[in-house]
Amino acid sequence: MLDMIWLVPFFPMVGALVNGLFGRRMPKGLVATVACGSVFLSFLVSVGAFFSLKALPPAERVFEQVIFEWIASGSTKVTLGYLLDPLSCVMILVVTGVGFLIHVYSVGYMSHDPGFSRYFTYLNLFCFAMLTLVLGNSFLVLFVGWEGVGLCSYLLIGFWFEDAAKAAAGMKAFIVNRIGDFGFLLGMFLIFWKFGTLDFVPIMKEAPEVLVAGGAIVTAITLLLFVGATGKSAQIPLYVWLPDAMAGPTPVSALIHAATMVTAGVYMIGRCNVLYSMAPTSMTVVATIGALTALFAGTIAITQYDIKKVLAYSTVSQLGYMFTAMGVGAYAAGIFHLMTHAFFKACLFLGSGSVIHGMHEEQDMRRMGGLRKHMPHTYWTFLIATIAIAGVPPLAGFFSKDEILWNAWANGFKFQWFLGFAAAGITAFYMFRLVFMTFFGKERFDPHEVHVHESPASMTVPLWILAGLSIVGGWIGIPAALGGANQFHQWLAPVMGGASEAAEGVKQAAGGLGLVSTAWASEAAGAAAEAGGHADLVAEYALMFLSVAYALLGILVAYICYIAKPDLPGKVAAKCRGLYELLYNKYFVDEIYQAVFVEGTLALATFCYAFVDVVVIDGIVNGTGLLVRSVGSGLRRFQTGQVQAYALTILLGAVILVGYYAVVASF
Amino acid sequence: MIPFEYSMGLSAVLFGLGVVGVLVRRNVIVLLMCVELMLNAVNLAFVTVADHLNSVEGLLYVFFVMTVAAAEAAVGLAIVVSLYRARRAVHADEISLLKG
């Protein structure tokens, strides 16, 4: 079964080719069958690969399949191949599983769109690129997928390109991602320079010997790779494209901009955990950026009225949690949250799509309300996913988010823990604000004009499946403190196991140099050893209790604000006018970027055009011509056309020459 | 026997006359004649020096110069004839088509 993993990206590629080349002439049913079927086949192969991998002993759960030799130049060899290990196995299951559900949902959602076959071509192409990204056996193959998903993201955000704003949103996403990709490329160059290869397996094996733990090079590599991750995974300072990316069709937001593509950065750090563990400075940066993003985006989400914008900022915030997990060394917890987030956030986005569909393209929550009665399936699934993201046990979000916060605390990242903890209650608040404004209260639209209807089964069935996963998805990672076995950690241990060894290396290297900034490394190692310790257990229970209480508090505040006393939010906003405006306008980040980077770039371009090009370059070119011209017009006076004048010149020349030799040379 | 200096002096005078004629006269035919004069002045110098040095090499050159002079006269006169046919002009200062 493992030999067949090449089929996982292959099926969506064939689907994209068939729909892309013949989709226009095919009936919609056939297009949908090809698109959904190809992803479903991939899912089946992925499940088969999972069980084959599980049958192997944990230490041998690495399978590399080389498809062909891609670049062979001298001693440099780059192969295009796939690497299946527990980490990529989780990723392909999430991508194909959630991807399949969203494909099915899209059939209903996009049924009336004239670009039906184009949409599914892009969606299949995306699945192909994403699976290439997670299965790639080297940084280069990963990068191919990385750029491929960026392209598909661009194509799908600007899917309705007749609308200039939507096309602009697509370009914004692409350009912001290119900034991050530049860092990623530099990181790759550094890796190639040090290792002479880009393949994951040898790099991760040789890293402790090739690189100095805690040294400048490994720090530079990891920070540059992280720059790429901030672009792709929408972290500060490159998160600005994700809220705009909501211009695309809602299932696209669910698949690309919530469940899969934006988690590529998290996956990439998980894949390079050995490198990151050797660079404590980078780890601190990753954790701090992640935690800051989690809180920052969460506060923006409080004030937004566009149902998709709230979810978009919520996604940015949740991605921040994942990076916090990566930064504090809890790689498995980060991947765990990635998976559970894929379930409940896909469910939320698809639910919002269902609402938008039922409300006839209305996205403003101020014109919704009371939809509970009209769309029961959407309501219930949305509510389940909301409880899951809010972190209420025993739903999925509780286990994954709490594990991240606990790891941050236990590994000594108290500041990052605090930011993440603060964001947790805010998450509960804004998500329930969304639910209460949309599904509860009075209808703030005219029911006679807007005929709200429940979505068809092709949309509600995926919703229910995802809602179910949002409930049970966390149970595979129940921590030991709650009597669980945390199977998810054990599953990922072969990939993430190297990290603790590298952390030891950092500790030793730093110890030799007498540095003190290694509290992190010692605590990381210590946390693993003392996981069962009594004092830690008490702290873990206490933190768990705190975060659940805090989440419930957030829900209660949302209830008071939007159900019990609906005029309260307006009063609070009026009282804190400045703060409200700041949050409502998203901290003016877009405006600042516009003023500094966009206007700055334009000013630079104007300078290059008006001065460098027009004055300097044109001046040199025209000056050369002018010089030749004026010298020529001066010299043409000698060309009289009079034969006798020429003869006189010859005579003078002859006299001078003869005179020179006769007078000067004879002495 | 004419002294060496006399012959060389005559050659120089003839050459000078030719140069002045080329520079100052307007008629193209006269110009050609002056060129002939210069060539023959040089011939005279060659012969004189050959005699003075008791060598035949100078005499050899005289034959070359005479051949060239004949060819030059033929080509030059042909040009003058066709120039006169085309432009009705035989004055050097009237023919300045190559003026810059």
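Rules behind the numbers
- Per chain, residues are indexed from 1 in the order of the written sequence.
- The order in which chains are written sets their letters, starting at A; the order in which ligands are written sets their numbers, starting at 1.
- Where totals are concerned, whole chains, interfaces and linings use all residues; where local detail is concerned, this predicted model gives features only for residues with pLDDT of at least 70, and gives and counts side-chain atom pairs only at 80 or more.
- Elements are defined by DSSP. Helices are runs of H or I of four residues or more, strands are runs of E of two residues or more, and each kind is numbered from the N terminus.
- Neighbour density around each residue's C-beta defines its exposure: 20 or more other C-beta atoms within 10 Å make it buried, 12 or fewer make it exposed, and counts between make it partly exposed, where C-beta atoms are placed from the backbone.
- What counts as a contact here is a pair of residues whose C-beta atoms, placed from the backbone, lie within 7 Å.
- Under the convention used throughout, the expected extent of a helix is 1.5 Å for every residue step, that is, one less than its residue count.
- Amino acids outside the nonpolar list (Ala, Val, Leu, Ile, Met, Phe, Trp, Tyr, Cys, Pro) and the charged list (Asp, Glu, Lys, Arg) are all regarded as polar, and Gly is one of them.
- In this description, a nonpolar core means buried residues of the types Ala, Val, Leu, Ile, Met, Phe, Trp, Tyr and Cys, linked to one another by C-beta atoms lying within 7 Å.
- A fitted line through C-alpha atoms serves as each axis, taken over the contacting stretch for helices, and the angle formed by two N-to-C directions is quoted from 0 to 180°.
- To sort the angles, those under 35 degrees are grouped as roughly parallel, those over 145 as roughly antiparallel, those from 65 to 115 as roughly perpendicular, and the leftovers as oblique.
- Put simply, a crossing is left-handed when the front helix is turned counterclockwise from the back one by less than a right angle, and right-handed when it is turned clockwise.
- Confidence of the prediction at every residue is given by pLDDT, a number between 0 and 100.

Tell me about the overall build of chain B, residues and numbers included.
In terms of helices and strands, chain B carries 3 helices and 0 strands. Helices (α) and strands (β) of chain B occur, in sequence order from the N terminus, as α-α-α. Each of the three principal axes of chain B carries a C-alpha extent, and together these read 50 × 25 × 25 Å. In chain B, which comprises 100 residues, the proportion classed as buried is 10%. Put simply, 48% of the contacts in chain B that link residues at least 6 apart link residues at least 24 apart.

Can you break down helix H3 (residues 86–109) of chain A residue by residue, with the values?
Across its 24 residues, H3 of chain A extends 34 Å between first and last C-alpha, which sits within 8% of the 34 Å expected from 1.5 Å per residue. Buried residues dominate H3 of chain A, accounting for 23 of its 24 residues.

I'd love a proper account of the interface of chain A and chain B, names of residues and values included.
In this complex, chain A contributes 10 residues to the contact, which on the side of chain B involves 10 residues. Of the residues in the side of chain A that touches chain B, the class split is 4 nonpolar, 5 polar and 1 charged.

How would you explain the environment of Asn-177 of chain A if you had to name every residue and give the values?
Residue and element names in this part refer to chain A. Note that Asn-177 resides in helix H6 (residues 164–195). Sequence separation between Asn-177 and Gly-29 is 148 residues; the distance between their C-alpha atoms is 35 Å. Asn-177 has contacts with Gly-150, Gly-231, Lys-232 and Trp-241, leaving out every residue within four places of it along the chain.

Could you give an account of the nonpolar core, naming the residues involved and the relevant values?
If you look at the biggest cluster of nonpolar residues, it comprises 205 residues, and the most contacted ones within it are Phe-126, Met-130, Ala-346, Cys-347 and Leu-466 of chain A. The contact partners of Cys-347 of chain A, leaving out residues within four places of it in the chain, are Thr-381, Ala-385, Leu-463, Leu-466, Ala-467 and Ser-470 of chain A.

Now, about the packing of helix H17 (residues 376–390) of chain A against helix H20 (residues 457–472) of chain A: what can you tell me, with residues and values included?
All names here are of chain A. Where H17 contacts H20, the axes come no closer than 9 Å and their chain directions differ by 25°. In terms of axis orientation, H17 runs roughly parallel to H20. Judged by the twist between their axes, the crossing of H17 over H20 is left-handed. Listed contacts from H20 to His-377, Thr-378, Thr-381, Ile-384, Ala-385 and Ala-388 of H17 are Thr-460, Leu-463, Trp-464, Ala-467, Ser-470 and Ile-471.

Tell me about the environment of Gly-145 of chain A, and name the residues and values.
Residue and element names in this part refer to chain A. Mapped onto the fold, Gly-145 is located in helix H5 (residues 139–157). On the basis of neighbour counts, which here come to 21 C-beta atoms within 10 Å, the residue Gly-145 falls in the buried class. Along the chain, Gly-145 and Ala-129 lie 16 residues apart, while their C-alpha atoms are 4.5 Å from each other. Those residues in contact with Gly-145, other than ones at most four positions away along the chain, are Ala-129, Met-130, Thr-132, Leu-133 and Gly-136.

Requested: an account of unusual backbone geometry, with residues and values cited.
It is generally the case that most residues other than glycine have a negative phi and that most peptide bonds are trans. All names here are of chain A. Following Ile-236, the chain continues into Pro-237 via a peptide bond in cis, with omega recorded as 10°. Along the polypeptide, Pro-237 turns up in the loop between helix H8 (216–232) and helix H9 (241–244). Residue Pro-394 is reached from Pro-393 by a cis peptide bond, and omega for that bond is 5°. With respect to the secondary-structure elements, Pro-394 resides in the loop between H17 and helix H18 (396–410). One non-glycine residue, His-360, lies in the positive phi region at around 60°. As for its placement among the helices and strands, His-360 is situated in the loop between helix H15 (331–358) and helix H16 (371–374). On the neighbour-count criterion, His-360 (12 C-beta atoms within 10 Å) is exposed. Not every positive phi belongs to a glycine, and Tyr-587 is a case in point at roughly 60°. Mapped onto the secondary structure, Tyr-587 falls in the loop between helix H25 (577–584) and helix H26 (589–635). Classification of Tyr-587 as partly exposed rests on a count of 13 C-beta atoms within 10 Å.

So what's going on with the confidence of the model for chain B? Residues and values would help.
Residues and elements named next belong to chain B. Considering every residue of chain B, the mean pLDDT works out to 91; 100% of them sit at 70 or more. Highest mean pLDDT in chain B belongs to helix H1 (residues 4–24) (94); lowest belongs to helix H3 (residues 57–87) (92). In the model output, the complex is listed with pTM 0.80 alongside ipTM 0.87.

Please set out the packing of H6 of chain A against helix H7 (residues 200–210) of chain A residue by residue, giving values where relevant.
Residues and elements named next belong to chain A. Direction vectors running N to C along H6 and H7 enclose 70°, while the axes themselves pass 11 Å from each other. Taken together, the axis directions place H6 and H7 in an arrangement best described as roughly perpendicular. The residues of H7 that touch H6, namely those facing Ile-191, Lys-194 and Phe-195, are Ile-203, Glu-206 and Val-210. Split into classes, the residues belonging to the contact of H6 with H7 amount to 4 nonpolar, no polar and 2 charged.

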